[in-house]
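Structure at a glance
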Amino acid sequence: MLKKIILHFSSKVRFMPAWSWIWMWIGGSLFTLLAHAGQHLEEWVQTQQKVQMALPSSMAATVGVGEGGSGVIVSAEGLVLTAAHVSGPPNRSIRCIMPDGRRVKARTLGKFEFADAGMVQIEEDGPWPFVSMASAGSTRAGDWCFALGHPGGYQAERGVVLRVGKVIRTRSNLIRSDCELLRGDSGGPLFNLKGQVIGIHSRIGEPLDDNYHAPIDAFHKTWDALLAVEVLTGFREDGQQAYLGVVVQAHEKGLLLEEVRRESAAEASGMKEGDILQQVDDLPLEDVDELRWAIGSRAPGETVRLRYLRDGVPGQLDITLGRSQRRHRRSL
Amino acid sequence: MGYSTLNSRAFGRWIASHAVILLGSFCGEDSLQAAEDYLDRSERVNGWKTRKAFESFYEDKRASVVEILEAGHQIALGTVVSSMGHIVTKASEFGEALEVRDHTGKRFVPSSIRVDASNDLAVIQIDGAQWQPLSWASPSKVDMGMWVVSPHEDETQIRVGVISTLPREVTRKPGALGIKFSRFFRRQPSILEDETSQGLRGARIDEVVDGSAADQAGLKAGDRITRVNERDVEASGDVIEAIQQYEAGEVITLKYQRGEESLVAKATLGFFDATFPDADLNITLSGDISKRRTGFQEILQHDMPLPPKAMGGPLMNLQGELVGINISRFDRVATLALPLKLVQDFLEMDPDFPSLP
C-alpha cells in the first residue's frame, strides 16, 4: 500500500490529498512504536548487563542486621548502613549475618530519625567486603535502580533477594521507587547501575510502587553525628528546628487550626483558631505531614508566607518562625 | 523540494522523521521528562510504556497462552507445551467443570487431566486443538538478574521483572485445620485437672476460623478433641503436633466430645496461609496471594507483580523462550515459577506425550 502512495506522489500530484496524510499518520505511528520498542528493549538489555555486573560485589556486602533487618557494609573496617528503626537505640550490642550465614558481633551507632538513617559498626576483625556510596545529589527520578535485602528476614537457603526498578521521586528525607519491599528488607541497600548505594530501605505503602528508602544524601549530611553515636530526632540535620506553634487537623479545604500555642510565632502573627491553612509558600497543604515538613525543615528566624481561609475569606500572612522550646522536639 | 524528486527510500525516511515529530506530542516522552522530579506512572517498570514496548515481542507468543475457566470464570492461565493440545497449569487452583479458552476466544473441554501434587502441576489435554508451543530455553541460560516476561491475569497484557534469587527448594508448610486454643487453658494446668476430675477430656477448642476445614467439618467452639486419626490427644499441644504431620488436602478423622456426646468428623485440611492470613504480617501487606505457596522441589523466584489468576502462565526470557511456569504468587516481592526441568520430568512420565519442542 505504501508503495502505491509513493508511486502516486512521484508521478504528477504535487498536493497531498487528505487520505495520504492519514496513511502517513498510520505509517508514522507504526514507525514510532517500532522504534520505541527497539530502543526500549535495547535499554533493557543494557540495564540487565549492568545489574548483573554489579551483583557479585553488592550481594557480598549485603547483610542481615539484628532481629529480622538488613544492612550494607560500606567500609573495609565494617561500617554498616541500615535503617534507624532497625539499628534502634545507640550503643547496643547486636549481630550481623553475613551472606554465608556467619553471625558477627556489632554495635549500633547514631541515627537520624527523620530520614530513618542508622549506622552499625561490626566489631570483629575485617577486612570486610564493601560497596561504595553514590555522591550527594546524584539520584534523579527515572533512574534505574536495584534493591537487595532479606524480605521476611534472613533465610539461609534463599539468600539475598534482588529487585530491579526505577526511582519515582526524590526528596531530602526519602527516595521512592518501584522496587517492591517487605518487612525484613528494612535497612537493606538500594543501588544505582554503577553498584553504588543510593538509599536504604525504610517503609512501604499498600500500592506495589509505594516503596520508600532513606536517601544516601541524608547519611552524607549527618555522617559525623551518626559516627559520634548521636540521635537526631528533628527534621533538620543540625537540630535547629523551626516552630510555628499550632495544632491542626485535616479538613476538606486544607488544615483546620484547632489551637494556637501561647507565646508562639503563630500567636504573634495573629493566626486564629478556626482558620483553615491552605498553603505554605508554594506548597499546598493537604495533610498534616506536609505542614510538618514545610515548617520542620526550616530554621528558626526564617520567614514563610502562609495562605489561609478565615470565615471563608482568603488571606495571607508572612510569619517569622520561632524556635522549638524543647530541642529535637517533633512538633510544629 | 518537490515531491516528484522523492524516491521511495527517501520518502520513507521523510515520513518517518516528520511523523515522529508530528506524533511526538502524542506519544513521545519529552514532555513528561521535563516535568518535576517525579516519574510518571506510565514510565515505571510496569507502566504502560513498558507494556507498549513489549507488545510486538508478545504478539506471536499470545497464541501459546490459554485461560483456564471454572464455571465460566477465569481461575488461572495455561501454557501450551505441545502442538497436540497439551497445556500445563497450576493444579491447586481448580476443582471441577473445567474449560479452556484460547486466544481467539474459542472454548474447549479437556479430554484428560493429569496432576502432579508434589509440585502443584497439571497437564490438560484438549483433543483436536492445534496451538503452537513456545520454544524452550536451555536451562543454563537462567541466572539471577535476568529479565523475565509473563502474561498478566488479563493475558493480553504482560509484566516484566527479574530473577531474584538462585534456584532453590521451597519446603512444604503443614496443612491447617482452622481451630484456635485459648492460651489460658494451656497455662493453667490446675483448671485442666479440675476438668479432668469432672470427666471432661480432650483439648477444648476456643475458636473455629470461618470457612476453614474445621468449620466445614462441623466443629464448634467448646468441642473437645480427643483423637486425631490413630493418635489419642489430651492437650492443645498434642493436637497441634498431630495435625502438623499432615499436608493441605489430606483428610483426617477427628473424634471429639460435645457435651456428653461423642462425635466423629472428617476434615480436609486447608492451606496454612489461606486459613490464618493474619499470622504473617507480610501476607497482609501483599494483596492477593496464591493459596498454595509452598512445597516445590525447585523454584525460580522473580519480582513480577502478578495476581494469583496469572499462575500457570509462561515465564519467558527476552528472546521469548520459555524458562518456567508461574506456580505461586508468594508475597509482595516474590512470584515463584517451576523451572522447565521439573515440567519436563512431569510431562515425560506420560509415555504418550509427544517429544518436547
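Residues numbered from 1 in each chain as written. Chains lettered and ligands numbered in written order. Predicted model: local features only at pLDDT ≥ 70, side-chain atom pairs only at ≥ 80, totals over all residues.

**Thoughts on the overall build of chain A**
- The number of helices and strands found in chain A is 6 helices and 21 strands.
- Taken over 332 residues, chain A has a buried fraction of 43%.
- For chain A, the proportion of contacts with a sequence separation of at least 24, taken over those separated by at least 6, is 60%. (Helix = DSSP H or I, 4+ residues; strand = E, 2+ residues; numbered from the N terminus. Buried ≥ 20, exposed ≤ 12 C-beta atoms within 10 Å, placed from the backbone. Contact = placed C-beta atoms within 7 Å.)

**Regarding the overall build of chain B**
- Along chain B, the regular secondary structure elements total 11 helices and 21 strands.
- Put simply, chain B has 357 residues, and 39% of those count as buried.
- Sequence-distant contacts in chain B: of pairs separated by 6 or more residues, those separated by 24 or more amount to 62%.

**A short note on helix α4 (residues 216-227) of chain A**
Residue and element names in this part refer to chain A.
- Within the span of α4, buried status applies to Ile216, Asp217, Ala218, Phe219, Lys221, Thr222 and Leu226.
- Packed against the buried residues of α4 are β3 (79-83), β5 (103-112), β6 (117-122), β11 (197-204), β12 (211-215) and β13 (231-232).
- Backbone geometry just downstream of α4 places Val229 in the positive-phi region, at approximately 60 degrees.

**Let's talk about helix α8 (residues 236-243) of chain B**
- By the burial criterion, the buried members of α8(B) are B:Ser236, B:Val239, B:Ala242 and B:Ile243. Looking straight down α8(B), one finds that the buried residues subtend no more than 125 degrees of arc, so they occupy a single side. (Arc of directions from axis to C-beta.)

**Here we look at the sheet that holds strand β7 (residues 121-125) of chain B**
Residues and elements named next belong to chain B.
- Taken in spatial order, the 7 strands make up an open sheet running β5-β4-β1-β2-β3-β7-β6, and their pairing is antiparallel. Each end of this open sheet is capped by a strand with a single partner; those strands are β5 (107-108) and β6 (112-116).
- One ladder, built from 2 bridges, connects strand β2 (residues 73-80) with strand β3 (residues 86-90); its direction is antiparallel. Along β3, the bridge assignment pairs Val80 with Ile87.
- Along the sheet, helix α11 (residues 340-348) contacts β3, β6 and β7; its crossing angle with β7, the most-contacted strand, is approximately 50 degrees. (Pairing = 2+ DSSP bridges. Axes fitted to C-alpha atoms, helices over the stretch in contact; angles between N-to-C directions.)

**Some points on the environment of A:Ser58**
Residues and elements named next belong to chain A.
- Within the secondary structure, Ser58 sits in helix α2 (residues 18-61).
- Look at Ser58 and you get buried, because 22 C-beta atoms sit within 10 Å.
- For the pair Ser58 and Phe130, spaced 72 residues apart in sequence, the C-alpha to C-alpha distance is 7.6 Å.
- The residues touching Ser58, leaving out its near neighbours within four places in the chain, are Val131, Leu148, Pro189, Phe191 and Gly195.

**Re the sheet that holds strand β8 (residues 161-171) of chain A**
Residue and element names in this part refer to chain A.
- Strand order in the closed barrel made by the 6 strands is β7-β8-β9-β12-β11-β10, with antiparallel pairing throughout. The average angle at which neighbouring strand axes cross in this sheet is 45 degrees, direction not considered.
- Here β11 runs beside β12; their pairing, made up of 5 bridges, is antiparallel. The residue of β12 that forms the bridge with Ile200 is Ala214.
- Across the sheet, α4 lies against β11 and β12, angled at about 25 degrees from β12, the strand it touches most.

**Points about the nonpolar core**
- By size, the foremost hydrophobic cluster in this structure holds 116 residues, and its most contacted members are A:Val80, A:Val197, B:Ile87, B:Leu338 and B:Val343.
- Every residue in contact with B:Leu338, bar those within four places of it in the chain, is listed here: B:Asn119, B:Leu121, B:Phe296, B:Ile299, B:Gly324, B:Ile325, B:Ile327 and B:Val343.
- In terms of nonpolar packing, the next biggest core, distinct from the first, is built from 23 residues, B:Ala214, B:Ala217, B:Ile225 and B:Val239 among them. (Core = buried A, V, L, I, M, F, W, Y, C linked by C-beta atoms within 7 Å.)

**A word on the domain arrangement of chain A**
- When its domains are assigned, chain A resolves into domain 1 (36-232) and domain 2 (242-323).
- Each of domain 1 of chain A and domain 2 of chain A has a C-alpha centre, and these two points are 36 Å apart. (Domains from an automatic or database assignment.)

**Thoughts on the confidence of the model for chain B**
Residue and element names in this part refer to chain B.
- Mean pLDDT over chain B works out to 82, with 84% of the residues at or above the 70 mark.
- A low-confidence stretch, residues 1-35 stays under pLDDT 50, and its non-local contacts, those more than four residues away or across chains, total 35 contacts.
- Interface scoring of the predicted complex returns ipTM 0.79; its pTM is 0.76. (pLDDT = per-residue confidence, 0-100.)

**Let's talk about unusual backbone geometry**
All names here are of chain A.
- Residue Pro127 follows Gly126 across a cis peptide bond; omega there is 0 degrees.
- Summarising the element assignment, Pro127 is placed in the loop between β6 and β7 (144-149).
- At Asn91, a residue that is not glycine, the phi angle is positive and equals roughly 60 degrees.
- As for its placement among the helices and strands, Asn91 is situated in the loop between α3 (84-87) and β4 (93-97).
- With 9 C-beta atoms counted inside 10 Å, the residue Asn91 sits in the exposed group.
- The phi dihedral of Glu263 is positive, around 55 degrees, even though this residue is not glycine.
- Topologically, Glu263 is positioned in the loop between β16 (254-260) and α5 (265-269).
- According to the C-beta neighbour criterion, Glu263 is exposed, with 10 such atoms within 10 Å.

**Things to note about the domain arrangement of chain B**
- Per the domain assignment, the segments of chain B are domain 1 (62-170 + 287-348) and domain 2 (179-270).
- Computed from C-alpha coordinates alone, the two centres of domain 1 of chain B and domain 2 of chain B are separated by 38 Å.

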